[in-house]
Amino acid sequence: MIHSLSPATVNERATDSADPVPTGGITLSEFHNFLVEIQNQPAWRAKADKEMDYVDGNQLDSEILRRQEQLGIPPAIEPLIGPAIDAVLGFEAKTRTDWRLTSDNDAAGDEVARALNYKLNQAERQSGADRACSDAFKPQASVGMGWVEVARESNPFKFPYRCKAVHRNEIFWDWLAKEPDLSDARYLIRRRWTDLAQAVLKFPEKADLIRSAGTNGQWTTMLETDLDGGASTGLANSWDHTRGWSIEEQEWRDAERARVCLFEVWYRRWVQAVVIKTPDGRVVEYDKSNPLHVAAVASRAARPQRVVIARMRRAYWLGPFLLSDEPSPYLHDEFPYVPFWGKREDRTNVPYGAVRGMMFLQDNVNSAISKIRWGLSATRVERTKGAVLMRDDKFRDMVARPDADIILDAEHMKHPGARFDVKRDWQLNEQQYKMLGDSRMGIQRASGITAGFQGQQGSARSGVQESTQIEQTTQQLADMMDNFKFGRTKVGELLLSMIIEDSIGKQEEVLVRGNAIRQDTTIVLNVPAVDPDTGIPYRDNDVERIRLKVALDDVPSTPSFRAQQLQAMSEAFKAMPPEYQAIALPHLLNLMDVPNKDDIIKAIQDAQGKESPEQIQARIDKAVEDALMKAQHDLKSRELDLKYNPERERAEIRKLVADTMLTTIQAAFSAMQAAGQITAVPAIAPIADHVMANIGGFQPPTPAGVDPNFPVPAQPVQPLPVEQNTSPNFPARADTGMDGIETQSLADNQPVPP
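Since the model is a prediction, treat every value here as computed from it, not as a measurement.

K.L.:
Is there a simple way to explain the overall build of the protein chain in this structure?
P.N.:
Secondary structure assignment for the protein chain yields 23 helices and 23 strands. Restricting the contact set of the protein chain to residue pairs at least 6 apart, pairs at least 24 apart contribute 70%. Carbon and sulfur atoms form 55% of the exposed surface of the protein chain, whose accessible area is close to 46,700 Å².

Here it is as structure tokens:
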């Protein structure tokens, strides 16, 4: 644990400030206060170091080893904690999932999310994120605390980002923070030993100060340190592998190489700022030099609001000397160190893991094995003094051997009461063996990690029981795996923030690689454009404006899961009809881990496009049939063209119209003549009706005809007077009668004979 600075140093170096809320860089007084807080934090690191030694198999204390050596008890270790933790680590590796980006905007942000998701998955593989998270998961599961650093890589020949696991004893944080991601923490300090030459190159303007601290003795004369954690635990695994040192102590005691201890301090400064909230829910800090922000506020599309926010800063300290103090080099306001929590005590927030409840049972197992082994070889001798002809120490060594050769004193054995008996207590060993078995089972009960989960033979007698026990262990680990998922997601968010920061304002094409099923896709980001209505320039597919969230895909990407998918797909493939199998075959092959998989799938797809001889013959027959049908259609078309010539049809239509008009005119003329006759001789009308009625087949029109609406004179037409007969034969001859029109008048007609 870190102790405070001496009062003289604090009074000399601290800068007094009237402002109770500091807004600038960190002062020595503030750094001193951070160290005081760290000093008063609960001491848990030394215990965590001992628990990790148990995981590594170093479980015997040096004092115990010394006493066992004196008593002749062999040191024995049956490491049960290590395999249990390894089973949990294997479970994490088998259920590992990939990061998946989703857009909180409308469908317009899907392309940006897809492009950034591809870049994030690349960063996941090349930055070592999977390895770092797995390395942090081991201390998380064991002692309840693991750390991962997400930062930029200083080496330009490597991938731009790096993810590394950091030892828990290097990092100290604000113990008063409540959030699991330390978003409300005031500070986070990392302590690192560095070679003097590297420190000089990193801070060339402080070279003289660094050389002085590295060559004139340790600066701890002003900053005394008493480590909580990092000290030797005193545990070993055998007599000849005593661990009386640790890496931290070796570096602290290094007198041959000049080394300095740097403190990397990340701290927050709370300031007032103006933010605007856009209609789509984004909240950004208002920038008056940004025309989009000004236009949004002027049009009331965004509402400004004054809030208190935290700004991240970073400082480097070499003892009481400040080497550097600057704003955070990252766009985000988070610590670049992600905590992986196991379990935490309710009252003290001290982290702990699964090893805490297993240590006592592990000690029982080790002691029981030692005593059993000692009991199998130990003997109890009851003898009278002088019964053997050798010194006591030699006698003890000889009697413990299976081929012991003990010479008794014959003269002494002749005396009454002389005794020499060698005995072994097998009953004590049986009791210890039962205790050993109970301790072994107790470790499984305490940790919830069964033998079946570790891949060993357990108490299950059927496959259902085995699956049930594995499921119970998985349920036992659900809370820890949820904490790991939270930390891993945070690592992805920090990586994504750096990717977006490096892409802002840069037009780039992202080639999203496909696979054997999907084709490659090119997505262009940050395309310059101008709003046609306002004339304000903007960028299409702008990565800075998109709202994204990082999630862990629910579908694992491990080989074992792909094998399960392949098995399920194979069973479904067998039940498919042949026409569906041709479609599903590329997807089935995509699940197989075979060399040249993409080439095989492409060859199959090309082969599916080729025709068999039967298909070629069927296609020829179909073409011939189509040609014949087309020829018949052409002949029929020509026949119809000859029979139904459009010009001829139009001429016939004109002829029909003319005939209709002629017939209409003739009918009207005949009607007029009939009207004239009826008008002249009204008596002929009934005669005409009678004649028409007696014509065969005559049917009166139904309905009646349409009135042609000929013009009618205003005055009724008077019948013309009957003119006198002008026939040359008139007057009539007396010898004959006259009929019809030959009569002189209507009244002199001859009567019609009956």
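K.L.:
Sorry, what's going on with the sheet that holds strand β4 (residues 145–152) here?
P.N.:
Backbone-to-backbone hydrogen bonds join strands into a sheet, with any given pair of strands oriented parallel or antiparallel. Strand order in the open sheet made by the 3 strands is β5-β4-β14, with antiparallel pairing throughout. What marks the edges here is a single partner per strand, and that holds for β5 (161–166) and β14 (337–341). Averaged over all pairs of adjacent strands, the angle between strand axes in this sheet comes to 20°, irrespective of strand direction. As paired strands, β4 and β14 are joined by 5 bridges and run antiparallel to one another. Within β14, the residue paired with Gly146 across the bridge is Phe340. Lying on the sheet, helix α17 (residues 478–503) is in contact with β4, β5 and β14; it crosses β14 at an angle near 165°.

K.L.:
Explanation requested: the pattern of salt bridges in the structure shown.
P.N.:
Here the idea is simple: oppositely charged side chains can pair when their charged atoms come close. Following the criterion strictly, the structure yields 34 salt bridges and no others. With its nearest N and O atoms 3.4 Å apart, the salt bridge here joins Arg96 to Glu92. Take Glu92: its relative accessible area is 3%, and that puts it in the buried class. For Asp421, the salt bridge identified is with Arg419, shortest N-O distance 3.2 Å. When its relative accessible area of 30% is taken as the criterion, Asp421 is described as partly exposed. Linked by salt bridges that have partners in common, Asp181, Arg268, Glu334, Lys490 and Glu493 make up one network.

K.L.:
I tried to follow the packing of aromatic side chains on my own but got confused; where do I start?
P.N.:
Aromatic rings considered in pairs are described by the distance between their centres and by the relative angle of their planes. Across all of its chains, the model carries 13 aromatic pairs by this definition. Between Phe31 and Trp317, the ring centres sit 4.7 Å apart and the planes meet at 10°, which makes this aromatic pair stacked. Residue Phe31 is found in helix α2 (residues 28–39), and its partner Trp317 is found in strand β12 (residues 303–318); the two are separated by 286 residues along the sequence. Side by side, Phe31 and Trp317 carry an identical accessibility label, which is buried. Between Trp147 and Trp173, the aromatic rings sit 5.5 Å apart at their centres with planes inclined by 55°, giving tilted as the arrangement. Of this pair, Trp147 sits in strand β4 while Trp173 sits in strand β6 (residues 171–173), placing them 26 residues apart in sequence. The same class applies to Trp147 as to Trp173, namely buried.

K.L.:
Would you mind showing me how to read the nonpolar core here?
P.N.:
Nonpolar side chains tend toward joint burial in soluble globular proteins. Among the nonpolar cores identified, the biggest contains 81 residues, and Leu116, Trp147, Val150, Trp173, Leu182, Val491 and Leu495 are the most heavily contacted of them. Considering each element in turn, this core owes the most residues, 10 residues, to α17. Once residues within four sequence positions are removed from consideration, Leu182 is found in contact with Trp147, Trp173, Ala177, Leu188, Arg268, Phe335, Pro339 and Trp341. Counting 15 residues, the second-largest nonpolar core is a separate cluster that includes Phe31, Ile189, Tyr267 and Ala315.

K.L.:
Would you take a moment to explain helix α3 (residues 45–56) for this structure?
P.N.:
Since the α-helix packs 3.6 residues into each turn, any two residues three or four apart lie on the same face. Between its first and last C-alpha atoms α3 spans 16 Å; for 12 residues at 1.5 Å apiece the expected length is 16 Å, and the two agree. Considered for burial, the residues of α3 that qualify are Arg45, Ala48, Asp49, Glu51, Met52, Asp53, Tyr54 and Val55.

K.L.:
Looking at this structure, how should I read unusual backbone geometry?
P.N.:
Phi is mostly negative for residues that are not glycine, and the peptide bonds are mostly trans. Even without glycine at this site, Leu182 takes up a positive phi of about 60°. Residue Leu182 is classed as buried on the basis of its relative accessible area of 1%.

K.L.:
Just checking my understanding: could you explain the environment of Ile81 for this structure?
P.N.:
When you line up the elements, Ile81 lands in helix α5 (residues 81–94). On the basis of relative accessible area, Ile81 is assigned to the buried category, the value being 0%. Once the C-alpha coordinates of Ile81 and Gln362 are considered, the two residues, 281 residues apart in sequence, prove to be 7.3 Å apart. Setting aside residues up to four positions removed in sequence, Ile81 forms contacts with Tyr54, Val55, Val355, Met358, Met359 and Gln362.

K.L.:
I tried to follow the packing of α3 against helix α12 (residues 359–377) on my own but got confused; where do I start?
P.N.:
To describe two helices that pack against each other, one gives the angle between their axes and the distance between the axes. Following both chains from N to C, one finds α3 and α12 inclined at 45°, their axes separated by 11 Å at the closest point. One element, α3, and the other, α12, form an angle in the oblique class. Crossing handedness for the pair α3 and α12: left-handed. Contacts between α3 and α12 pair Lys50, Glu51 and Tyr54 from the former with Met359, Gln362 and Asp363 from the latter. Here the residues of the contact of α3 with α12 sort into 2 nonpolar, 1 polar and 3 charged.

K.L.:
Would you mind showing me how to read the side chain of Arg313 here?
P.N.:
For Arg313, the position within the fold is in strand β12. Judged by relative accessible area, Arg313 falls into the buried class, the value being 18%. Among the polar contacts listed, one links the side chain of Arg313 to the side chain of Asp325, at a separation of 3.5 Å. Every residue in contact with Arg313, bar those within four places of it in the chain, is listed here: Gly24, Gly25, Val265, Trp266, Tyr267, Arg269, Asp325, Glu326, Pro327 and Ser328.

The rules behind the values
- Residues numbered from 1 in each chain as written.
- Predicted model: local features only at pLDDT ≥ 70, side-chain atom pairs only at ≥ 80, totals over all residues.
- Heavy atoms only, no water.
- Helix = DSSP H or I, 4+ residues; strand = E, 2+ residues; numbered from the N terminus.
- Contact = heavy atoms within 4.5 Å.
- Areas by Shrake-Rupley, 256 points an atom, 1.4 Å probe, with all protein chains shown as cover.
- Pairing = 2+ DSSP bridges.
- Axes fitted to C-alpha atoms, helices over the stretch in contact; angles between N-to-C directions.
- Salt bridge = Lys/Arg side-chain N within 4 Å of Asp/Glu carboxyl O.
- Buried < 20%, exposed > 50% of the residue type's maximum accessible area, 1.4 Å probe, protein only.
- Phe/Tyr/Trp six-rings, centres within 6.5 Å; stacked < 30°, edge-to-face > 60°.
- Core = buried A, V, L, I, M, F, W, Y, C linked by side-chain atoms within 4.5 Å.
- Expected span 1.5 Å × (residues − 1).
- Parallel < 35°, antiparallel > 145°, perpendicular 65-115°, else oblique.
- Left-handed = near helix turned anticlockwise from the far one by under 90°.
- Nonpolar A, V, L, I, M, F, W, Y, C, P; charged D, E, K, R; others polar.
- Polar contact = N/O pair within 3.5 Å; in protein donor to acceptor, adjacent residues only side chain to side chain.

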